[in-house]
Amino acid sequence: MGVGGCLVLPWRCVVVLCLRLLFLVPAGVPVRSGDATFSKAMDNVTVRQGESAILRCLVDNRVTRVAWLNRSSILFAGNDKWCLDPRVELVTNTQTQYVIQIKDVDVYDEGPYTCSVQTDNHPKTLRVHLIVQVPPKIVEISSDISINEGGNISLTCIATGRPDPMITWRHISPKAVGFLSEDEYLEITGITREQSGAYECSASNDVSPPVVRRVNVTVNYAPYISGAKSTGVPVGQKGILQCDASAVPSAKFQWYKDDKRLSEEQKGLKVENKAFFSRLTFFNVSEQDYGNYTCVAYNQLGNTNASIILYEISEPTSSTLFQEETTAFQTTQQGPGPVHDGKNDGSRTVASVWLLSVLFHLLPKF
């Protein structure tokens, strides 16, 4: 109910009728801009919901009676308040202006207001239209959804506000560009795993900052093994085979060797399963451990597998290590580096060789 909710009693109806006849308020008769006897009132007053609206009527000393009306209800007549609404107050009543205030305005206050003035000559009216702006509010939005890859989805975002808010959808993703939709509804057909994630609905009408809500879309798909590398390990050393897989829901893993399923109960073997990988660890590799292993990843949408080979490599011997160190030393002498370091190391080596040869020739003399 707007500010027009005034007292409606039989005796007051008579008074209202008499007052309207006194002012001779003709509906829909605006003040002409060329009328020098009365200033033109403001055409529109725009306020946000919850704010205060000031309705101002400019008058002069020729005015004998003045009143503010909302549609057919009198709000104020002179200094007398005719409306029961506590939000409506008289701000100013002077020889130059007649001003009322409506506090905490709401959408039902929107509409035409009339300032009725009686002068010595004849009555005049000024019309003011109160416009109430309302910030956007999302009143309905789709719930989070889970769908299998290749399916279709429809997302809904309903918002209210004055003026009507503009609604946009966008995908919160590094690869997403621009808006997916500028409508209340977002349709996606044949959805892929790359289209999973958060979808943001934004409602804006320039009355206040945009209102944002999100819907999470989960795309389910069968496992896909992205990494499975064969490994070489010497006998007696620790060996690890790892199988990486992506899936929604997360994949479960099983390991096989020659059609025999492996378990953690086997001595010297550890099976570690995580959300996106499975690791098979041999603490002390033996000859029997070498061979072809199969990693199976599965969920309710399907399964996949990959073969991984654990093969034998020779363990480095002491002579091999010495040769590798010698090669590394020679490479260091020939490779880039500080010039002074290279010369000092080379000089020390040559001097040592020369000193040994001299001692070798001198020993027989003693």
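To keep things clear, this report deals only with the structure shown in the data block.

Thresholds applied
- Residues numbered from 1 in each chain as written.
- Predicted model: local features only at pLDDT ≥ 70, side-chain atom pairs only at ≥ 80, totals over all residues.
- Heavy atoms only, no water.
- Core = buried A, V, L, I, M, F, W, Y, C linked by side-chain atoms within 4.5 Å.
- Buried < 20%, exposed > 50% of the residue type's maximum accessible area, 1.4 Å probe, protein only.
- Helix = DSSP H or I, 4+ residues; strand = E, 2+ residues; numbered from the N terminus.
- Pairing = 2+ DSSP bridges.
- Disulfide = S-S within 2.5 Å.
- Phe/Tyr/Trp six-rings, centres within 6.5 Å; stacked < 30°, edge-to-face > 60°.
- Lys NZ or Arg CZ within 6 Å of the ring centre and 35° of its normal.

1. Overview of the nonpolar core
One finds L55, C57, W68, I102 and L130 to be the most contacted residues of the largest nonpolar core, which totals 24 residues. Those elements that provide at least two residues to this core are β1 (44-48), β2 (53-58), β3 (63-70), β4 (73-77), β7 (97-102), β8 (111-119) and β9 (123-141). For this core, the leading source of residues is β9, giving four residues. If you look at the next biggest cluster of nonpolar residues, it comprises 22 residues, including I225, A245, A251 and L280.

2. Quick look at the sheet that holds strand β22 (residues 291-299)
Backbone hydrogen bonds hold the strands of a sheet together, and the pairing may be parallel or antiparallel. Here five strands make up an open sheet; going across it, the order is β16-β23-β22-β18-β19 and the pairing mixed. The open sheet has two edge strands, β16 (231-233) and β19 (260-261), and neither has a second partner. Of the pairings in the sheet, the one linking β16 to strand β23 (residues 302-312) comprises three bridges and is parallel in character. Across the sheet, the residue bridging to G232 is Y311, located in β23.

3. Some thoughts on the state of the cysteines
Per the counting criterion, the structure on display carries three disulfides. Residue C157 pairs covalently with C201 via a disulfide, S to S 1.9 Å. Looking down the S-S bond of the C157 and C201 bridge, the torsion is -75 degrees, so its handedness is left-handed. Within this pair, whereas C157 is found in strand β11 (residues 153-162), its partner C201 is found in strand β14 (residues 197-204), the two being separated by 44 residues in sequence. Each member of the pair, C157 as well as C201, carries the same accessibility label: buried. The disulfide pattern of the protein is 1-2, 3-4, 5-6 when the bonded cysteines are numbered in sequence order.

4. Looking at the pairing of strand β17 (residues 239-248)
The alternating pattern of β17 places G239, L241, C243, A245 and A247 on a buried face, while none of I240, Q242, D244, S246 and V248, on the opposite face, is buried. Sheet analysis places strand β15 (residues 211-228) next to β17, joined by five bridges and oriented antiparallel. Bridge assignment links G227 to a residue of β17, and that residue is D244. As paired strands, β17 and strand β21 (residues 277-282) are joined by six bridges and run antiparallel to one another. Residue pairing in the sheet places C243 in a bridge with S278 of β21.

5. Some remarks on the side chain of S202
Along the chain, the position of S202 falls in strand β14. Residue class for S202 comes out buried when judged on its relative accessible area of 15%.

6. A short note on the packing of aromatic side chains
This structure, assessed with the given rule, holds one aromatic pair. Between the aromatic rings of F282 and Y293, the centroid separation amounts to 5.5 Å while the plane-to-plane angle is 65 degrees, which identifies the pairing as edge-to-face. One end of the pair, F282, is in strand β21; the other, Y293, is in strand β22, with 11 residues separating them in the sequence. Both residues of the pair, F282 and Y293, count as buried. Seen from the ring of Y221, R193 lies directly overhead, with NZ or CZ sitting 3.9 Å from the centre.

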